[in-house]
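Analysis of the macromolecular model
The lines below spell out each chain.
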Amino acid sequence: MKVPLLDLKAQYRSLKNEIDAGIHRVLESQACILGPEVLTFEQQINGMVAPAKSLAISSGTDALLIALMALDIGTGDEVIMPPFTFFATAAVVLRVGAKPVFVDVEEDSFNINPTLIESAITSRTKAIMPVHLFGQCADMERINAIAKKHHLKVIEDAAQALGATRNGHPAGAMSDIGCVSFYPTKNLGAMGEAGLVMTADPELFEKLRILRNQGMEPVYQHHYVGGNFRMDAFQGVVLGVKFPHLAAWNRKRAEHAAHYNQLFQNSAAITPHVMSGNTHIYHQYTIRVPQRDSLKTHLGDKGIATGIYYPIPLHRQPCMSHLGLDPNACPVSNRLAGEVLSLPIYPELSSEQVEYVGRNILEFLKTV
Ligand SMILES: Cc1ncc(COP(=O)(O)O)c(C=O)c1O
C-alpha cells in the first residue's frame, strides 16, 4: 500500500467543477489581482474570525512581514519567538532589521513556553510572536497577559492553524495581528502562494490595507513604504471554493488523529498532546520516537511518506550565526528536532491507510 504525506489531487478532483468555473470567470473578466473573488473570500473568513477583519495577502511570509511593518518594528528592536518553527517566522524579523530572540517550547504542546518569556524581555523588546504549531494554539492568555504587563505587541503566526480555537477564540484573532498561510499543503490550501492577516483594530486594519498596496492611497500617493502584498484573484477563487469545507476537513483530520492515538496506546510512540481549552486542527500529526531516523527509513521502505518538521531549530541555522547564539540553548527544541516525525494526515486519507501506517510503526517499535 502507498500512503503519501498528502493527496492534493484528490481534493482538487472533488471540487474541480466549481474551481474550474471560477478560474474561467477570472480569465474572462481579466480582473486578476484582488477584486471581487478575493473580497468574497475575505468576507467568508470574517464570518469565522469576527470581530477581527481579514485582508488577503500574497503569502504567509508576506503576512508576517506586513504585520511587523504595520507595527513599526525595525532596526534595533527585538521580537520574542520560539525556535521550533518554520524559518519564515524569524526571517521576516531579520528582514525588517530587528532581532529574533528565541524562547524554548513546551515539550507537550510544541509551542512557546510562556514561563520562559519574561526573562527574555529587554528594553528593546517590541513584540512576542507565538506560533500555533501543527494546528494547536499557543497559550495566548498567558502570552497576552505578559505582553500587556510589558507594553508589547503580539503577532500570532497562525500559518498552520486556521480554524483552530483556544477557549472558543479563533486562532489568529487573539492578538494585535494574526497571520495565516494558504501554502498548498496547509489545511486550507491555495493553488499557488497566498496568505492573510487579520486584526480587530480598525486603525491597524487601514494601515495594513494601505501597506498591502505599496503604501498607496489614493493612487500614486504613498503614505508608507509598503509593498506588493496583494493576493491574486485565482487564489481568491480556489480559497473561496474550499473554505466552506474547511471545518469538515479539520474534523476529518481530528478523526484520523484519534484513530492514530488509539493505535499507539501503550506503545513507545509519544502522541500529540492537546492542551486544555484547545481544539487542534492537526495540520500535522507529529509523534516523538527516539529512533526517528530509522523509523522514517523503515516506513519509506513500506511505501509510507513522513515528514520531519523541523530538523534544525532556528537558533542553530547557519544564517543566524551572526547573532552569536548558543547552540545548546533551547534544549527542548533541540531534543524535539531529533525525535519528531509527522505522519500522513489529510481528510481524504482512508482508515485502512491509517491502520497500515499504525501497524508498520508498531512493528518497528517492537524491534527496537
Ligand atoms: C509556521 C509558519 N510560518 C510561516 C509560514 C510561511 O507561509 P508561506 O509559505 O505561505 O509564505 C509557514 C508556511 O509555510 C509556516 O508553517
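Residues numbered from 1 in each chain as written. Predicted model: local features only at pLDDT ≥ 70, side-chain atom pairs only at ≥ 80, totals over all residues. Heavy atoms only, no water.

The next thing to look at is the overall build of the protein. Check the secondary structure of the protein and you find eleven helices and twelve strands. In summary, the protein has a C-alpha radius of gyration of 21 Å against a globular reference of 21 Å for 368 residues, a match within 12%. Its C-alpha atoms give the protein principal-axis dimensions of roughly 65 × 55 × 35 Å. Within the protein, counting contacts between residues at least 6 apart in sequence, those at least 24 apart form 70% of the total. When the accessible surface of the protein is totalled, it reaches about 15500 Å², and 54% of it is carbon and sulfur. (Helix = DSSP H or I, 4+ residues; strand = E, 2+ residues; numbered from the N terminus. Rg over C-alpha atoms; globule rule 2.2 N^0.38 Å. Contact = heavy atoms within 4.5 Å. Areas by Shrake-Rupley, 256 points an atom, 1.4 Å probe, with all protein chains shown as cover.)

Before going further, it helps to spend a moment on the site of the ligand. The immediate surroundings of the ligand are formed by 16 residues, with Thr61, Asp157, Gln160, Ser181 and Lys186 found nearest. Between an oxygen atom of the ligand and a side-chain N or O atom of Thr61, the distance comes to 2.5 Å. One nitrogen or oxygen atom from the side chain of Gln160 is found 2.8 Å from an oxygen atom belonging to the ligand. Look at the ligand: alone it shows 380 Å² of surface, and the protein chains cover 92% of it. Broken down by secondary-structure element, the contributors of at least two residues to the shell around the ligand are helix 3 (60–70) and helix 4 (88–95). A per-element tally of the shell around the ligand places helix 3 first, with three residues. For the shell around the ligand, a count of residues per class yields seven nonpolar, seven polar and two charged. (Near = heavy atom within 4 Å. Polar contact = N/O pair within 3.5 Å; in protein donor to acceptor, adjacent residues only side chain to side chain. Nonpolar A, V, L, I, M, F, W, Y, C, P; charged D, E, K, R; others polar.)

Here the focus is the sheet that holds strand 4 (residues 125–128). Reading across from one edge, 1-9-8-5-4-2-3 is the order of the seven strands in this open sheet, with mixed pairing throughout. This sheet does not close on itself; its edge strands, each paired only once, are strand 1 (53–57) and strand 3 (99–102). Taking the axes of each pair of neighbouring strands and ignoring which way they run, one obtains an average angle of 25 degrees across the sheet. Note that strand 8 (residues 177–181) and strand 9 (residues 195–199) share four bridges and pair antiparallel. Bridge pairing links Val180 to Leu196 in strand 9. (Pairing = 2+ DSSP bridges. Axes fitted to C-alpha atoms, helices over the stretch in contact; angles between N-to-C directions.)

On to the sheet that holds strand 10 (residues 278–279). Backbone hydrogen bonds are what pair the strands of a sheet, in a parallel or an antiparallel way. The sheet built from three strands is open, its strands ordered 7-6-10 with antiparallel pairing. At either end of the open sheet lies a strand with only one pairing partner, and these are strand 7 (169–170) and strand 10. Pairing of strand 6 (residues 165–166) with strand 10 involves two bridges; the strand directions are antiparallel. Its bridge partner lying in strand 10, Arg166 is registered against Asn278.

Another point: the environment of Glu156. Inspection of the secondary structure puts Glu156 in strand 5 (residues 153–157). Residue Glu156 is classed as buried on the basis of its relative accessible area of 0%. For the pair formed by Glu156 and Glu352, sequence separation is 196 residues and the distance between their alpha carbons is 36 Å. Leave out the neighbours within four places in its chain, and Glu156 touches Pro130, His132, Met140, Ala171, Gly172, Ala173, Met174, Ser175, Ile177, Gly178 and Cys179. Within polar-contact distance, the side chain of Glu156 engages the side chain of Ser175 at 2.6 Å. (Buried < 20%, exposed > 50% of the residue type's maximum accessible area, 1.4 Å probe, protein only.)

Moving on, we come to the domain arrangement of the protein. Entries for the protein in the domain assignment read domain 1 (8–102 + 110–244) and domain 2 (246–367). Placing a centre on the C-alpha atoms of domain 1 and another on those of domain 2 gives a separation of 25 Å. Taken together, the contact pairs 34 residues of domain 1 with 34 residues of domain 2. Between domain 1 and domain 2 lies a buried interface of about 3000 Å² when both sides are counted; carbon and sulfur atoms form 63% of it. Three residues, Phe84, Phe134 and Asn187, lead the burial of domain 1 against domain 2; their summed loss comes to 25% of the area buried on that side. (Domains from an automatic or database assignment. Buried area = accessible area lost by both parts, 1.4 Å probe.)

When you line up the elements, Val332 lands in helix 10 (residues 331–339). A residue is classified by how much of its surface remains accessible, and Val332, at 17% relative accessible area, is buried. Along the chain, Val332 and Tyr220 lie 112 residues apart, while their C-alpha atoms are 50 Å from each other. Residues in contact with Val332, not counting those within four places in the same chain, are Asp104, Val105, Glu106 and Glu107.

Before going further, it helps to spend a moment on the nonpolar core. Grouped together as the largest cluster of nonpolar side chains are 41 residues, with contacts concentrated most on Phe41, Ile80, Ile117 and Phe182. Counting residues per element, the ones that place at least two in this core are helix 2 (35–49), helix 5 (140–149) and strand 9. Every residue in contact with Phe182, bar those within four places of it in the chain, is listed here: Phe41, Leu162, Leu188, Gly189, Ala190, Gly192, Ala194, Gly195, Leu196, Met231 and Leu239. Judged by nonpolar contacts, the second largest core, of 34 residues, contains Ile73, Ala90, Val92 and Ala98. (Core = buried A, V, L, I, M, F, W, Y, C linked by side-chain atoms within 4.5 Å.)

For the structure shown, the criterion picks out 18 salt bridges. A salt bridge links Arg124 to Glu78, with the shortest nitrogen-to-oxygen separation between them at 3.2 Å. Of this pair, Arg124 sits in the loop between strand 3 and strand 4 while Glu78 sits in strand 2 (residues 78–81); the two residues are 46 residues apart in sequence, bridging distant segments of the chain. Residue Glu78 is classed as buried on the basis of its relative accessible area of 4%. A salt bridge links Glu255 to Lys252, with the shortest nitrogen-to-oxygen separation between them at 3.3 Å. One end of the pair is Glu255 and the other is Lys252, both in helix 8 (residues 246–263) and three residues apart, which spans about a single turn. For Glu255, a relative accessible area of 47% gives the class partly exposed. (Salt bridge = Lys/Arg side-chain N within 4 Å of Asp/Glu carboxyl O.)

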